[in-house]
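Examination of the molecular architecture
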Amino acid sequence: QVQLVESGGGLAQAGGSLRLSCASSGRTFSSYVMAWFRQAPGKEREFVAAINWSGGSTSYADSVKGRFTISRDNARNTVYLQMNSLKPEDTAIYYCAADPSFTTWVLDYDYWGQGTQVTVSS
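Residues numbered from 1 in each chain as written. Predicted model: local features only at pLDDT ≥ 70, side-chain atom pairs only at ≥ 80, totals over all residues. Heavy atoms only, no water.

**Notes on the overall build of the protein chain**
Condition: Each helix is a run of DSSP H or I of at least 4 residues and each strand a run of E of at least 2, with the numbering of both proceeding from the N terminus. Throughout, radius of gyration means the C-alpha value; the globule benchmark is 2.2 Å times the number of residues raised to the power 0.38. Under the scheme applied here, a residue whose accessible area is under 20% of the maximum for its type counts as buried, over 50% as exposed, and between as partly exposed, the area being computed with a 1.4 Å probe on protein chains only. Only heavy atoms enter the contact rule, under which two residues are in contact if any of them lie within 4.5 Å.
Scanning the protein chain for helices and strands turns up zero helices and 11 strands. For the protein chain, the sequential pattern of α-helices and β-strands runs β-β-β-β-β-β-β-β-β-β-β. Against the 2.2 N^0.38 benchmark of 14 Å for 122 residues, the protein chain shows a C-alpha radius of gyration of 13 Å, consistent with a compact globule. Scored against the burial criterion, the 122 residues of the protein chain give a buried share of 44%. Taking contacts inside the protein chain between residues at least 6 apart in sequence as the whole, the part at least 24 apart equals 58%.

Laid out in structure tokens, this is it:
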């Protein structure tokens, strides 16, 4: 069983930055691909970024490419999402997720955090 707890959300101005963290319980963190998804009001949950087991490979949604960076620290059982050049359309609840396979499909992920709110004002 994997438990995930996100932190770091909050309010930012357009053009600003936020850094999200997701801490994982258990001793098998390095066995999981980690990802970030987001869900805005009235919209479906969408893929944001994913990172493979070692951190050597990443994938990003086109909407965040060049602005967001996903990274992980396997010694700390933590995955991060550095968000720069934030836009009002980035406003959403951000979730971290874990899966044994490298996938960007939301339904593939078995383990989810509770989410953290990110609000970007114009």
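**What about the state of the cysteines?**
Each disulfide is one covalent bond, formed between the sulfur atoms of two cysteines. As a reminder of what qualifies: To count as a disulfide, a pair of cysteine sulfur atoms needs to be within 2.5 Å.
Applying the stated criterion to the full structure yields one disulfide. Residue C22 pairs covalently with C96 via a disulfide, S to S 1.9 Å. Disulfide C22 to C96: torsion about the S-S bond roughly 40°, handedness right-handed. Of this pair, C22 sits in strand β3 (residues 18-24) while C96 sits in strand β9 (residues 92-99), placing them 74 residues apart in sequence. Grouping residues by exposure puts C22 and C96 together as buried.

**Re the sheet that holds β3**
In plain terms, the rule: If DSSP finds at least two bridges between two strands, the strands pair. Lines are fitted to the C-alpha atoms to define the axes, a helix being fitted only along its stretch in contact, and any angle between axes, read from their N-to-C directions, falls within 0 to 180 degrees.
The sheet built from four strands is open, its strands ordered β1-β3-β8-β7 with antiparallel pairing. Two strands close off the open sheet at either side, each with one partner strand: β1 (4-7) and β7 (68-73). Pairs of neighbouring strands in the sheet enclose a mean axial angle of 15°, with direction left out of account.

**Overview of the nonpolar core**
Our working rule: We define a nonpolar core as any set of buried Ala, Val, Leu, Ile, Met, Phe, Trp, Tyr and Cys residues linked to one another through side-chain atoms lying within 4.5 Å.
Core analysis: the largest hydrophobic core is formed by 37 residues, its most contacted members being M34, W36, L81, M83 and Y94. Of all the secondary-structure elements, those providing two or more residues to this core are β3, β4 (33-39), β5 (46-51), β7, β8 (78-83), β9 and β11 (116-121). When sequence neighbours within four positions are dropped, the list of residues in contact with L81 reads L18, R19, L20, W36, V48, A49, F68, T69, I70 and Y94.

**With respect to the environment of W112**
Stated formally: Counted as a polar contact is a pair of N or O atoms within 3.5 Å, where, for protein atoms, one must be capable of donating a hydrogen and the other of accepting one, and residues adjacent in sequence contribute only when both atoms are in side chains.
Within the secondary structure, W112 sits in strand β10 (residues 111-112). Separated by 41 residues in the primary sequence, W112 and S71 have C-alpha atoms spaced 17 Å apart. Contacts of W112, omitting those with residues within four sequence positions, involve L4, F37, R45, Y95, C96, A97 and V106. A polar side-chain atom of W112 sits 3.1 Å from the main-chain carbonyl oxygen of Y109.

**Some remarks on the pairing of β5**
Counting buried residues in β5 gives five out of six residues, a clear majority hidden from the surface. Here β4 pairs with β5 via five bridges, running antiparallel. Within β5, the residue paired with M34 across the bridge is I51. Connecting the antiparallel pair β4 and β5 is a turn made up of six residues, with G42 showing a positive phi of about 75°. Here three bridges tie β5 to strand β6 (residues 58-60), and the two strands are oriented antiparallel to one another. In the sheet register, A49 faces β6, and the bridge partner there is Y60. Hairpin connection from β5 to β6: six residues lie between these consecutive antiparallel strands, with G55 at a positive phi of about 90°.

Scope: geometric values only; no functional claims are made or implied.
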